[in-house]
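For reference, the chains in residue letters:
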Amino acid sequence: GNSISTARHLAENAQCDACVHLQKSTKDHLCAMEHLPLSYAPFKQCYFVKPGMSLVGNLQETAMKKKEKAQDFSVTDTLARLQKGISTFNVLEWAVTGKNKLCGRATDNTSMTLDEFTDILQDHNIDIFKYGQGNAKSLELFYAETVKQQKACLVETPSGDLERFLELVRINLVAASADGSDRLLRLSTEILNDGRARMRNQKVAQVVAGQVAWQDSMNQMFHDRFGLTLDVVKENMPMDKYWVKQERQSSPSFPDVMTIYLTHEVRIRVADPSHPKMSVIGLPDMRSFNTKDGQTTSKWTWTSLSEESSNEDMLAQLLSDHNIDVSNFEPGAFTELHDEVYVDKCAHLTVTGDDLARHL
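Note that this is a predicted model, so its numbers are computed, not measured.

Rules used in this analysis
- Residues numbered from 1 in each chain as written.
- Predicted model: local features only at pLDDT ≥ 70, side-chain atom pairs only at ≥ 80, totals over all residues.
- Heavy atoms only, no water.
- Helix = DSSP H or I, 4+ residues; strand = E, 2+ residues; numbered from the N terminus.
- Buried < 20%, exposed > 50% of the residue type's maximum accessible area, 1.4 Å probe, protein only.
- Areas by Shrake-Rupley, 256 points an atom, 1.4 Å probe, with all protein chains shown as cover.
- 1 Å grid on protein atoms, 1.4 Å probe; cavity = no way out; pocket = protein on both sides within 12 Å on 5 of 7 lines; lining within 4 Å.
- Points joined across faces, edges and corners; volume = space filled by probe spheres on them.
- Contact = heavy atoms within 4.5 Å.
- Patch = residues over 30% accessible without salt bridge, like charges linked within 9 Å, V, L, I, M, F, W, Y side chains within 5 Å.
- Salt bridge = Lys/Arg side-chain N within 4 Å of Asp/Glu carboxyl O.
- Lys, Arg positive; Asp, Glu negative; His and termini not counted.
- Charge placed at Lys NZ, Arg CZ, Asp CG, Glu CD.
- Core = buried A, V, L, I, M, F, W, Y, C linked by side-chain atoms within 4.5 Å.
- Phe/Tyr/Trp six-rings, centres within 6.5 Å; stacked < 30°, edge-to-face > 60°.
- pLDDT = per-residue confidence, 0-100.
- Arc of directions from axis to C-beta.

With respect to the overall build of the protein
Right, on to step 1. Summing up its helical and strand segments, the protein has 11 helices and 14 strands in all.
Right, on to step 2. When the 360 residues of the protein are sorted by exposure, 40% land in the buried category.
Right, on to step 3. Here the protein has roughly 20,100 Å² of accessible surface; of this, 48% comes from carbon and sulfur atoms.

Here it is in C-alpha cells:
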C-alpha cells in the first residue's frame, strides 16, 4: 500500500546514507518535533536530518528558548501538541493522495444520481448484477451509503481500478471492575427488526461520515448511542492510546470493489466507573445493557480484557439473558446449537418480546 511505496520512494531518493528522510507532507504534520533542524533536498523533494546531529541537544536548546519566552515546554505541552496533530490529521486525504476521487466522502458530490453512480461502476467493469444477490448489498444501498450518506469514498487508482475507502473509529473502551480487573465493552448481539439474533462480538465502532473529523464523530456516537454528553466524555473518558492502521480487503457486501479500511484504533479508559453518568453503560456493576437504533436492538457486555469472547460465550450470554440455563441442556446439545447457528448456518435465533426461538 501507500506505506510501502512511500518508504521505497524515500529509500531510492535518499540524499545521503544513515540518516532519517521525511516527505514534506510528513514534515508538515510534525508536532512535538516540529522544531527539529531539517535539511531540504530540493531535487529529491524530501527533508532529512544530517548525520551526527544531536537531536537531544537541539530539543534542549529549543526548550530553553521557550522558557526564555515564558512558555512551558513540558510533557503536558508536548502531549497537547501530539493530541492536536492526531485530531487535525486527515487520514482519508492522505490515503487517497495520487488517486482520482470520483464520489462520496471528500468530494462534496451529493447530487450524483443513481444512474450516474451505476455508470461509474460499469465503466470500471464492475458487474452490477451481483449486487442485491446473496450477501451483497443492493445497488441502491451502495449508492445511498456512498453518495447520500457520505460514508465511503470511491476512487480510481492510477492503474484504472476502482477502490472504496472507508474510515472507521474502533474503540477499546476499558473500565476497572470492583475486583480491580479490567473489562472491555463489546457488542455481543444485535436483534434485527424481524426478530433474528445476530451474534457480533465486536468492540465499539463508528463509521466516519461526511466532512466530520473522526474525534467529533466518535464523541457524537457516544451521545447518540449511549446518551453520554461531551462534557462527561471529556471529564471521565480520556484517550489512553491511539494508532491508525490501513487494511485492504475484499468484501462480500461490495462485489468486485476492493475496500481499504482506514481504522483509528483508540483506547479509552473510564477514569471513574462509579460516576453517576456511567450507569447508562452498565457501570460500576459491569452489567449488560441494551441500546436501540431504529428497529435494531444492540446488547452490550463487559468482557474480560485478557481474552476475547468467543461465539460460545456470546451464545451462552444470549441464552442466559432469556433465562435459559445451559446447565440443563443434554450433553452435546449446546455444541449442536452453536454449530447450527455459526458453523452450518442451518438455523437462526429470533427474539420476540422476552422469548427466544430457534428456527431451522
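Re the layout of surface pockets
Right, on to step 1. Size it by volume and the largest pocket reaches roughly 1,700 Å³.
Right, on to step 2. Taken together, 38 residues line the largest pocket, and the ones lying closest to its centre are Glu190, Arg198, Arg200, Gln202 and Val207.
Right, on to step 3. At the level of elements, strand E6 (162-176), strand E7 (182-191), strand E8 (196-207), helix H8 (214-226), strand E9 (239-250), strand E11 (289-293) and strand E12 (296-304) are the ones that each hand at least two residues to the lining of the largest pocket.

So, the environment of Thr303
Right, on to step 1. Mapped onto the secondary structure, Thr303 falls in strand E12.
Right, on to step 2. Expressed as a C-alpha distance, the spacing of Thr303 and Leu185, which sit 118 residues apart in the sequence, is 6.3 Å.

Description of the side chain of Thr118
Right, on to step 1. With respect to the helices and strands, Thr118 occurs in helix H6 (residues 114-123).
Right, on to step 2. If we skip the residues at most four places from it in the chain, Thr118 touches Ile128 and Leu139.

Observations regarding a negative patch on the surface
Right, on to step 1. Taken together, the side chains of Asp115, Glu116, Asp119 and Asp123 define an acidic patch exposed on the protein surface.
Right, on to step 2. As for its placement among the helices and strands, Asp123 is situated in helix H6.
Right, on to step 3. With relative accessibility at 61%, the residue Asp123 sits in the exposed group.

A short note on the nonpolar core
Inside soluble globular proteins, nonpolar side chains tend to come together where they are buried.
Right, on to step 1. Grouped together as the largest cluster of nonpolar side chains are 27 residues, with contacts concentrated most on Ile171, Leu173, Phe222, Phe226, Leu228, Ile281 and Trp302.
Right, on to step 2. When near neighbours in sequence (up to four residues on either side) are disregarded, Leu228 contacts Phe222, His223, Val233, Met237, Lys277, Met278, Val280 and Ile281.
Right, on to step 3. Met112, Leu121, Leu139 and Val147 belong to the second-largest nonpolar core, a separate cluster that totals 17 residues.

Here's the deal with the environment of Ala175
Right, on to step 1. Turning to its location among the elements, Ala175 is positioned in strand E6.
Right, on to step 2. According to the relative accessible area criterion, Ala175 is buried, its value standing at 0%.
Right, on to step 3. Spatially, the C-alpha atom of Ala175 lies 8.4 Å from that of Leu283, the residues being 108 residues apart in sequence.
Right, on to step 4. In contact with Ala175, other than residues within four places in its own chain, are Ser181, Asp182, Arg183, Val270, Leu283, Met286 and Trp302.

Digging into the packing of aromatic side chains
Right, on to step 1. Taken as a whole and assessed by the stated rule, the structure comprises nine aromatic pairs.
Right, on to step 2. Aromatic pair Trp214 and Tyr242: ring centres 5.0 Å apart, planes at 15 degrees, arrangement stacked. Here the residue Trp214 occupies a position in helix H8, and Tyr242 occupies one in strand E9, the gap between them amounting to 28 residues.
Right, on to step 3. Measuring from ring centre to ring centre gives 6.4 Å for Phe222 and Phe226, while their planes differ by 35 degrees; the resulting arrangement is tilted. A residue pair is termed a helical-turn pair when its members lie 3 or 4 positions apart in one helix, as Phe222 and Phe226 do in helix H8 at four residues. A single burial state applies to Phe222 and to Phe226, both of which are buried.
Right, on to step 4. Ring pairs connect the aromatic residues Phe117, Tyr131, Phe142, Tyr143 and Phe254, which therefore count as one cluster.

Describing the pattern of salt bridges
Right, on to step 1. Under the criterion given, the structure shown has nine salt bridges.
Right, on to step 2. Here Lys245 and Glu265 are joined by a salt bridge, their closest N and O atoms 3.5 Å apart. Linking Lys245 in strand E9 with Glu265 in strand E10 (residues 258-269), this pair joins segments that are 20 residues apart in sequence.
Right, on to step 3. Looking at Glu265, the relative accessible area reads 3%, which means it is buried.

As for unusual backbone geometry
Right, on to step 1. Cis geometry is adopted by the peptide bond preceding Pro284, which originates at Leu283 and carries an omega value of 5 degrees.
Right, on to step 2. Position of Pro284 relative to the elements: it lies in the loop between E10 and E11.
Right, on to step 3. Here the phi dihedral of Asp256 falls at roughly 70 degrees; this positive angle occurs in a residue that is not glycine.
Right, on to step 4. Along the polypeptide, Asp256 turns up in the loop between E9 and E10.
Right, on to step 5. The phi dihedral of Met286 is positive, around 60 degrees, even though this residue is not glycine.
Right, on to step 6. The residue Met286 is located in the loop between E10 and E11 in this model.

A closer look at the confidence of the model for the protein
Right, on to step 1. Residues at a pLDDT of 70 or more form 80% of the protein, whose mean pLDDT is 81.
Right, on to step 2. Confidence over residues 66-76 falls short of pLDDT 50; this stretch has seven contacts with residues more than four positions distant or in other chains.

Thoughts on H6
Right, on to step 1. Inspection of H6 places Phe117, Thr118, Ile120 and Leu121 among the buried residues, and these make up the whole buried set. Considered in projection along H6, the buried side chains sweep an arc of 155 degrees and stay on one side of the axis. Among the exposed residues of H6, those pointing more than 90 degrees away from its buried face are Asp115 and Asp123.
Right, on to step 2. Count one or two residues on from H6 and you reach Asn125, which has phi positive near 60 degrees.

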